Amino acid sequence: MRIAELSRRSGVSAPTIKFYVREGLLPAGERTSHNQVRYSDTHLHRLRLVRALIDVGGLSIAATKAALAEIETPGRPLHGVLGVVHRSLAREHPALPEEQLAAAQRDIDQLAQRRGWRLTGESPALRNAVDALATMRQLGLDDLAGILDEYAAAAEQIAAAELDLTVQRAQQGDDVLAEKTAIGIVVGGALVLSLLGLAQEDASARRFPPPAPPGAPSGTPR
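On a predicted model such as this, the values are computed, not experimentally measured, just so you know.

Caption draft 1: Spotlight on a nonpolar patch on the surface. Taken together, the side chains of Leu191, Leu195 and Leu198 make up a nonpolar region of the molecular surface, amounting to roughly 300 Å² of accessible area. With respect to the element layout, Leu191 can be found in helix α10 (residues 177-207).

Caption draft 2: Structural detail: the packing of helix α1 (residues 3-10) against helix α3 (residues 41-56). At a minimum axis separation of 10 Å, α1 and α3 run at an interaxial angle of 45°. Taken together, the axes of α1 and α3 are oblique relative to one another. Viewed along their axes, α1 and α3 form a crossing whose handedness is right-handed. On α3, the residues that touch Leu6, Arg9 and Ser10 of α1 are Asp41, His43, Leu44, Leu47 and Arg48. Looking at the contact of α1 with α3, its residues break down into 3 nonpolar, 2 polar and 3 charged.

Caption draft 3: Main features of helix α6 (residues 98-115). Its 18 residues place the ends of α6 26 Å apart at the C-alpha level, agreeing with the 26 Å of an ideal helix rising 1.5 Å per residue. Those residues of α6 that sit buried are Leu101, Ala104, Asp107, Ile108, Leu111 and Ala112. Buried residues of α6, viewed axially, fall in a sector of 140°; they line one side. Across α6 from its buried face, at more than 90 degrees, point the exposed residues Glu98, Glu99, Gln113 and Arg114. Of the surrounding secondary structure, the elements contacted by the buried residues of α6 are α7 (124-138) and α9 (148-171). Positive phi shows up at Gly116, right after α6, with a value of about 70°.

Caption draft 4: Representation of the side chain of Glu179 in the model. Looking at the secondary structure, you find Glu179 in helix α10. Of the side chains with opposite charge, Arg46 lies nearest to the buried Glu179, which makes no salt bridge, at 7.0 Å. Polar contacts involving the side chain of Glu179 include one to the side chain of His45, which spans 2.6 Å. Setting aside chain neighbours within four positions, we find Glu179 in contact with His45, Leu49 and Ile71.

Criteria and thresholds
Residues numbered from 1 in each chain as written. Predicted model: local features only at pLDDT ≥ 70, side-chain atom pairs only at ≥ 80, totals over all residues. Heavy atoms only, no water. Patch = residues over 30% accessible without salt bridge, like charges linked within 9 Å, V, L, I, M, F, W, Y side chains within 5 Å. Areas by Shrake-Rupley, 256 points an atom, 1.4 Å probe, with all protein chains shown as cover. Salt bridge = Lys/Arg side-chain N within 4 Å of Asp/Glu carboxyl O. Helix = DSSP H or I, 4+ residues; strand = E, 2+ residues; numbered from the N terminus. Axes fitted to C-alpha atoms, helices over the stretch in contact; angles between N-to-C directions. Parallel < 35°, antiparallel > 145°, perpendicular 65-115°, else oblique. Left-handed = near helix turned anticlockwise from the far one by under 90°. Contact = heavy atoms within 4.5 Å. Nonpolar A, V, L, I, M, F, W, Y, C, P; charged D, E, K, R; others polar. Expected span 1.5 Å × (residues − 1). Buried < 20%, exposed > 50% of the residue type's maximum accessible area, 1.4 Å probe, protein only. Arc of directions from axis to C-beta. Lys, Arg positive; Asp, Glu negative; His and termini not counted. Polar contact = N/O pair within 3.5 Å; in protein donor to acceptor, adjacent residues only side chain to side chain.

Right, here's the structure in full:
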């Protein structure tokens, strides 16, 4: 296919496609003449993957490039793929007092010990959790910070389900296992946050229903 068709099928503009090629995010197409380049369905898939990581997962260009390089490294252990993808999700750290960060770090460490988590201490997710907990307390949300184990239990259930799928794919000889694992981390994480928002909306509507308009029948239809 020509770049115009690749653009139409992917929804990505031709200038952006050319930019991705220059940045090494998308392989160059096959040049068929001095001004014509042909692309394949492999390019279309890769382009969709790049857009998923950037648009849905929120990765930067540099982080996307690092994640793709890790996915394509032959023989790379899956745990290593997870590590690189998680590092690509690192955020800038807020300016918080050191004593508040130290207290939050102790609480996260104790949470990990209680739940028997095997952590290396090098994951950006650890620092992100510390930042979030310290920020909650700085804003006076100590009660919200007090349900750490509930947050952790939900996270464990999701992580276990995802890893079960990874094991099934490995047993079936999936030849794009690393790619699917990376997508699960990045795009799946975005899905989890979205579902949490929907669940919060539902829980709020059930616990704090709006008053019925005048003249409306009492009770909630089923």
